[in-house]
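# Observations on chain architecture
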Amino acid sequence: MMNTRAFRNARILIVDDEEANVEVLGRILSQAGFMRLESTTDSREAAALYVQHRPDLILLDLHMPHLDGLDVMDQLNEIAEASYLPILILSADLLPEARREALSRGAKDFVSKPFQKDELLLRIRTLLETRFLYIQIQSQNQLLEAKVRERTRALEEAQIEIVERLAVAAEFRDDNTGQHTRRVGQMSALLAKQLGLPDVQVTLIRRAAALHDVGKIGVPDTILMKIGKLTTDEFELVKLHTTIGARILSGGKFPLLRLAEEIAFTHHERWDGEGYARIRGTDIALAGRIVAVADVFDALTQQRPYKPAWPVGDAIAEIERQRGRQFDPDVVEAFMRVIE
Ligand SMILES: [Fe+2]
């Protein structure tokens, strides 16, 4: 069932303290076509040879000075990775007890000395067959796992791409490059990291924050692009973008969309409870408190149809001034450290 070439390429390690035994074994194996043989008469070298040559099969003597066969197997068990390693015991002493002991340490089969050449080769063949099948299954599993990982990654990327484009679509009228959404995402991630949130959460916030104003899709052009002061009624319509955004994103199955919904709904809340929906303090989702700071800072430092860009120093001072009023003091603290 295995092809001959696989057998000939099998790496075999012989560990036997008697030179004569090693020679006989080597000759038999060479004649049978095995070409990659390693051997030692010093069992203390077995572990190092194993690491160096990664044999497919080990022919192991039991009675040896310094380290006996059982000791060698203990060493191999410690260093061998979780792969099936055939160990064939060659020994004159194969009493049931010795067999039991050897089996419990990882021996796969036994041949008594003096051995029959044909029997030895048959057992070697069987062990190698098992070894190669094991390796084959293992590599198939790895291939499958790699495929699953690749598919998962592709799915995630598709998700992220669509979310990014949705954010650009939402702000197309006043930010058709997507720069504002990207910067708010980046600043939010820096704040989240500074606040000690785990990396997975930081990444989610960066992506979800880009969708904070997605609800602007539902605000009329005439209001959104109006130059000059909005009337009270017009401003009420602008304020609807938080609830519209939350509605667009509601019921999402992915954590990214659920977080985006939270942010869309809460990013205009104020720490003192005077925001759009009058949620107060820690009742406001943390992601919303984070994006609130990132969003205002970016809006202040950028030019808008109705206002010039503020100098960065002034914008920082304004954030600082709103500590505990508009903004969560902890987030402002984090912001100051990030800005440094
Ligand atoms: Fe907003």
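Residues numbered from 1 in each chain as written. Predicted model: local features only at pLDDT ≥ 70, side-chain atom pairs only at ≥ 80, totals over all residues. Heavy atoms only, no water.

As enumerated under the stated definition, the model contains three aromatic pairs in all. Relative to Phe-132, the ring of Phe-7 has its centre 6.0 Å away and its plane inclined at 70°; by these criteria the two rings are edge-to-face. Taken together, the positions of Phe-7 in helix α1 (residues 4–8) and Phe-132 in helix α6 (residues 117–170) put the pair 125 residues apart, joining distant regions of the chain. Residue Phe-7 is classed as buried on the basis of its relative accessible area of 2%. Looking at Arg-99, its charged tip hangs above the ring of Phe-110, at a distance of 5.0 Å from the centre. (Phe/Tyr/Trp six-rings, centres within 6.5 Å; stacked < 30°, edge-to-face > 60°. Helix = DSSP H or I, 4+ residues; strand = E, 2+ residues; numbered from the N terminus. Buried < 20%, exposed > 50% of the residue type's maximum accessible area, 1.4 Å probe, protein only. Lys NZ or Arg CZ within 6 Å of the ring centre and 35° of its normal.)

Averaged over all residues, the pLDDT of the protein is 91; the fraction at 70 or higher stands at 97%. Within the protein, α1 has the poorest average pLDDT of any element, 76, and helix α15 (residues 329–339) the best, 97. (pLDDT = per-residue confidence, 0-100.)

Extensive coverage of strand β3 (residues 57–61) is indicated by the burial of five of its five residues. Bridge count for strand β1 (residues 11–15) against β3 is four bridges, and the pairing is parallel. By the bridge assignment for β3, Ile-14 is matched with Leu-59. (Pairing = 2+ DSSP bridges.)

Here we come to the coordination of the iron ion. Every protein donor of the iron ion is listed here as Asp-213 (OD), His-241 (NE2), His-267 (NE2) and His-268 (NE2), and their distances to the metal cover 2.0 to 2.3 Å. In primary-sequence terms, the residues that donate to the iron ion follow D-x27-H-x25-H-H. Of this pair, Asp-213 sits in the loop between α8 (199–209) and α9 (221–224) while His-241 sits in helix α11 (residues 241–249), and the two are 28 residues apart along the sequence. On the basis of relative accessible area, Asp-213 is assigned to the buried category, the value being 4%. Here His-241 falls in the buried class, since its relative accessible area comes to 2%. (Donors = N, O, S within 2.8 Å, 3.2 Å for Na, K, Ca; no water.)

A word on the pattern of salt bridges. All chains considered together, the criterion is met by 23 salt bridges. Notably, a salt bridge pairs Glu-150 with Arg-153, separated by 3.1 Å at the nearest N-O pair. Here Glu-150 pairs with Arg-153, and both are found in helix α6, just three residues apart, close to one helical turn. Exposure remark for Arg-153: the relative accessible area of 39% places this residue in the partly exposed category. A salt bridge links Lys-239 to Glu-236, with the shortest nitrogen-to-oxygen separation between them at 3.3 Å. Note that Lys-239 and Glu-236 are positioned in helix α10 (residues 232–239) at a spacing of three residues, about one turn of the helix. (Salt bridge = Lys/Arg side-chain N within 4 Å of Asp/Glu carboxyl O.)

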